[in-house]
Amino acid sequence: MSKPPLPLTGSCRCGATVIEASAAPVLTAACHCRGCQKMTASAFSLTAMFPSAAFRVVQGDPVPGGAKGEELTHFCCPECLSWMFTRITGFDDFVNVRPVMFEDSSWFTPFIETWTATRLPSVSVAVEHSYDAFPPMEEFGALLEAYAAQG
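Cut-offs used in this document
Residues numbered from 1 in each chain as written. Predicted model: local features only at pLDDT ≥ 70, side-chain atom pairs only at ≥ 80, totals over all residues. Heavy atoms only, no water. Helix = DSSP H or I, 4+ residues; strand = E, 2+ residues; numbered from the N terminus. Buried < 20%, exposed > 50% of the residue type's maximum accessible area, 1.4 Å probe, protein only. Polar contact = N/O pair within 3.5 Å; in protein donor to acceptor, adjacent residues only side chain to side chain. Contact = heavy atoms within 4.5 Å. Salt bridge = Lys/Arg side-chain N within 4 Å of Asp/Glu carboxyl O.

*Asks:* Looking at this model, I keep getting lost on the side chain of H32. Mind explaining?
*Replies:* Mapped onto the fold, H32 is located in the loop between strand 3 (27–31) and helix 1 (34–40). We classify H32 as buried; its relative accessible area is 0%. Of note is the side chain of H32, whose polar atom sits 2.7 Å from the side chain of E113. Every residue in contact with H32, bar those within four places of it in the chain, is listed here: Q37, A43, F44, E113, T114, W115, T116, T118, R119, V123 and V125.

See below:
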């Protein structure tokens, strides 16, 4: 795992919405759930989980898109509708950002993969930990520590 160059800056596809992260992510993942497959029109989505205090929208006013409701809200650029980040209810201290939105995403490597129960058969992702669904809450702290120990 390489360290990202901070601050990380990036934008949506059209450039109308600009984001910034001033701290390194605390966990990275690939999600194979059917929702992520449909949101990305691909085999999985990529996520970098940042402390909320280290993430900000520099320009633009992202709008809810895709899945929205009591459990989570996906935020998209209102102009091009690029899915940029997700806030999960009850995890207010973190924000899940699509790492490919950053100008430099060469540092990104997924540490865990989730929802392998719905992974497409032809897909494999090199990760440290795999889960049929989401990791059990009791393992979350250990995952954060293991990710941080990698540098």
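*Asks:* So what exactly am I meant to see when it comes to the pattern of salt bridges here?
*Replies:* Pairing is possible between side chains of opposite charge, provided their charged atoms come close. Taken as a whole and assessed by the stated rule, the structure comprises two salt bridges. Across the salt bridge formed by R56 and E20, the nearest N and O atoms sit 3.1 Å from each other. Placement of the pair is R56 in strand 5 (residues 55–59) and E20 in strand 2 (residues 18–21), with a sequence separation of 36 residues. Its relative accessible area of 44% is what places R56 among the partly exposed residues. Judged by its relative accessible area of 18%, E20 falls in the buried class. The partner of E113 in a salt bridge is R119, and the shortest N-O contact between them spans 3.0 Å.

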